[in-house]
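So the chains spell out like this:
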Amino acid sequence: MRSMAVALALLSSVSLAAGANTLVTWRAINPPLEEGRKLYAAGSFEAALEKLREADGLPGNTNRIAAEIAALQASALLALPASPERKQQADDALAGLFHVDPDGAALPGASAAAQERAKALRDLRPVLLHERLITARSGRPVLMRARLSFAQPGSAQIFAHYRLEPQAEGQSGSDDEYLRVALEPQRSGWFLTYLRPGVGGMPTSGEHVLRYWLEARSPEGTVLDTNGSQAQPIRAQLSETMAEGAGLTSVATLDEGGRSLHPDVAPPSTPLYKRPEIVIPAVAAVAIAAVVIVVLLQPKPQPQSGSLGRVDLP
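These notes cover the structure that comes with them. These numbers come from a predicted model, not from an experiment. (Residues numbered from 1 in each chain as written. Predicted model: local features only at pLDDT ≥ 70, side-chain atom pairs only at ≥ 80, totals over all residues. Heavy atoms only, no water.)

1. Structural notes on the overall build of the chain
Okay, so step 1: Looking only at helices and strands, the chain has eight helices and nine strands in total.
Okay, so step 2: Taking all 314 residues of the chain together, the buried fraction comes to 36%.
Okay, so step 3: When contacts within the chain are restricted to residue pairs at least 6 apart in sequence, long-range pairs at least 24 apart make up 65% of them.
Okay, so step 4: A total of about 18200 Å² of accessible surface is found on the chain, and carbon and sulfur atoms cover 58% of it. (Helix = DSSP H or I, 4+ residues; strand = E, 2+ residues; numbered from the N terminus. Buried < 20%, exposed > 50% of the residue type's maximum accessible area, 1.4 Å probe, protein only. Contact = heavy atoms within 4.5 Å. Areas by Shrake-Rupley, 256 points an atom, 1.4 Å probe, with all protein chains shown as cover.)

Now the structure itself:
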């Protein structure tokens, strides 16, 4: 596991120039985050926030690391003397936590004040919740799902903005190249859409990086919340050669809490003809069938021939 983490750390340091940006890279280690933890534990909250801002700005942070940074930021902000600005910053940090960690798995590491504020936040402002894509198979439909933290009056709208990442320096990266699609509302409260290969610029094969971000709007068009942004889009790996959850990406996927869209079914470790849960019932069934056949093939008993004796009538 340690060697895998080192490999991921080295992978995250690779430049994305010169065609290498067909691969999403992840940061396995974030030193400023560890320093921020120590400063927070020592009660140096201002210094901890400085280190956490540095940690947040490093490229390649996984969703788990980003959620831990946000939880610690909110904890440090709420530990300082209260002010409207710090309260707003704490709320923004917690909303950012839910963007990368919809279930709030990182909250147990936050302070009690931050945990209480996080519980109230979902009822105070709409938060756009989305299971961020990690890896997907090229040439297959990509499912995007999102929902708001609480029901909005009327029918809110959720849109996905997406494009493929340029594969070489000098390629265009203008705003016009982001396509926008609406996610369809479902009775369950989720909104979803499929990005289909060959439609809207989605590739049918090859290695690519998908950039995207989501926004929720009120029926009047007011932006309620965004998950990701054009400046800091979510990046997902599209691959036809690397199975989802395989190799180095599997560590990132598990680390992110991501789910494979098309999981590969692994063969059983023991052949079927050697597995007791299959062999024993099969043998029993064969034995019962053999007994039934033997019984059915037995000749039926026939009446014996004979006489009741001779009787002479007078």
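2. Let's talk about the nonpolar core
Okay, so step 1: Ranked by size, the top nonpolar core spans 22 residues in total, and within it Met-144, Leu-210 and Tyr-212 carry the most contacts.
Okay, so step 2: Counting residues per element, the ones that place at least two in this core are β3 (142–148), β4 (157–164), β6 (191–195), β7 (208–217) and β9 (234–239).
Okay, so step 3: In this structure, Ala-66, Ala-70, Ala-71 and Ala-118 belong to the second largest nonpolar core, which totals 19 residues. (Core = buried A, V, L, I, M, F, W, Y, C linked by side-chain atoms within 4.5 Å.)

3. Quick look at the pairing of β3
Okay, so step 1: Burial of the side chains of β3 is restricted to one face: Val-142, Met-144, Ala-146 and Leu-148 are buried, whereas none of Leu-143, Arg-145 and Arg-147 on the reverse face is.
Okay, so step 2: The pairing of strand β1 (residues 128–129) with β3 spans two bridges and is classified as antiparallel. Counted as the bridge partner of Leu-128 is Leu-148 from β3.
Okay, so step 3: Here β3 runs beside β6; their pairing, made up of five bridges, is antiparallel. Each residue of the ladder has a partner; that of Met-144, found in β6, is Thr-193. (Pairing = 2+ DSSP bridges.)

4. Things to note about the pairing of β9
Okay, so step 1: The buried fraction of β9 amounts to five of the six residues, a majority that puts the element mostly inside the structure.
Okay, so step 2: Sheet analysis places strand β2 (residues 135–137) next to β9, joined by three bridges and oriented parallel. Among the inter-strand pairings, Ala-136 is bridged to a residue of β9, identified as Leu-238.
Okay, so step 3: Two elements, β7 and β9, share five bridges in a ladder whose sense is antiparallel. Within β9, the position partnered with Leu-210 by the bridge is Ala-236.

5. What about the packing of helix α2 (residues 31–41) against helix α4 (residues 63–79)?
Okay, so step 1: The geometry of α2 relative to α4 is characterised by a closest axis approach of 11 Å and an angle of 25° between their N-to-C directions. The orientation of α2 relative to α4 falls into the category roughly parallel. The crossing of α2 and α4 is left-handed. Where α2 approaches α4, its residues Leu-33, Gly-36, Arg-37 and Tyr-40 are matched on the opposing element by Ile-65, Glu-68, Ile-69, Leu-72, Ser-75 and Ala-76.
Okay, so step 2: Counted by class, the contact of α2 with α4 contains six nonpolar, two polar and two charged residues. (Axes fitted to C-alpha atoms, helices over the stretch in contact; angles between N-to-C directions. Parallel < 35°, antiparallel > 145°, perpendicular 65-115°, else oblique. Left-handed = near helix turned anticlockwise from the far one by under 90°. Nonpolar A, V, L, I, M, F, W, Y, C, P; charged D, E, K, R; others polar.)

6. A word on the pattern of salt bridges
Okay, so step 1: Inspection of every chain in the model, using the stated rule, returns 16 salt bridges.
Okay, so step 2: Where Arg-117 meets Asp-91, a salt bridge forms, and the shortest distance between an N and an O atom there is 2.7 Å. Here Arg-117 is found in helix α6 (residues 112–124), whereas its partner Asp-91 is found in helix α5 (residues 84–100), with 26 residues between them in sequence.
Okay, so step 3: Residue class for Asp-91 comes out buried when judged on its relative accessible area of 7%.
Okay, so step 4: When the shortest N-O distance is used, the salt bridge between Glu-116 and Lys-119 registers 3.9 Å. Of this pair, Glu-116 and Lys-119 both sit in helix α6, separated by three residues, roughly a single helical turn. Accessibility assignment for this pair places Glu-116 and Lys-119 in one class, exposed.
Okay, so step 5: Three or more residues joined by partner-sharing salt bridges are found here, namely Glu-34, Arg-37, Arg-64 and Glu-68. (Salt bridge = Lys/Arg side-chain N within 4 Å of Asp/Glu carboxyl O.)

7. Some thoughts on the packing of α5 against α6
Okay, so step 1: Between α5 and α6, the least distance of the axes is 10 Å, while the angle of their chain directions is 75°. With respect to α6, the element α5 is oriented roughly perpendicular. For the pair α5 and α6, the contacting residues are Lys-87, Asp-91, Leu-94, Ala-95 and Phe-98 in the first and Ala-114, Arg-117, Ala-118, Leu-121 and Arg-122 in the second.
Okay, so step 2: In terms of residue class, the contact of α5 with α6 is made up of six nonpolar, no polar and four charged.

8. Considering the packing of aromatic side chains
Okay, so step 1: For the structure on display, the rule yields one aromatic pair.
Okay, so step 2: Look at Tyr-40 and Phe-45: their rings are 5.4 Å apart centre to centre, the planes differ by 55°, and that puts the pair in the tilted class.
Okay, so step 3: We classify Phe-45 as partly exposed; its relative accessible area is 22%.
Okay, so step 4: The lysine or arginine in question, Arg-180, covers the ring of Phe-159, its NZ or CZ lying 3.9 Å from the ring centre. (Phe/Tyr/Trp six-rings, centres within 6.5 Å; stacked < 30°, edge-to-face > 60°. Lys NZ or Arg CZ within 6 Å of the ring centre and 35° of its normal.)

9. Quick look at the environment of Ala-236
Okay, so step 1: Among the structural elements, Ala-236 can be located in strand β9.
Okay, so step 2: For Ala-236 and Tyr-212, which are 24 residues apart along the polypeptide, the C-alpha to C-alpha distance reads 8.3 Å.
Okay, so step 3: Leaving out residues up to four positions away in the same chain, Ala-236 has contacts with Val-24, Leu-133, Ile-134, His-208, Val-209, Leu-210 and Tyr-212.

10. Considerations on the side chain of Ser-239
Okay, so step 1: The residue Ser-239 is located in strand β9 in this model.
Okay, so step 2: At a separation of 2.7 Å, a polar atom in the side chain of Ser-239 contacts the side chain of Glu-207. (Polar contact = N/O pair within 3.5 Å; in protein donor to acceptor, adjacent residues only side chain to side chain.)

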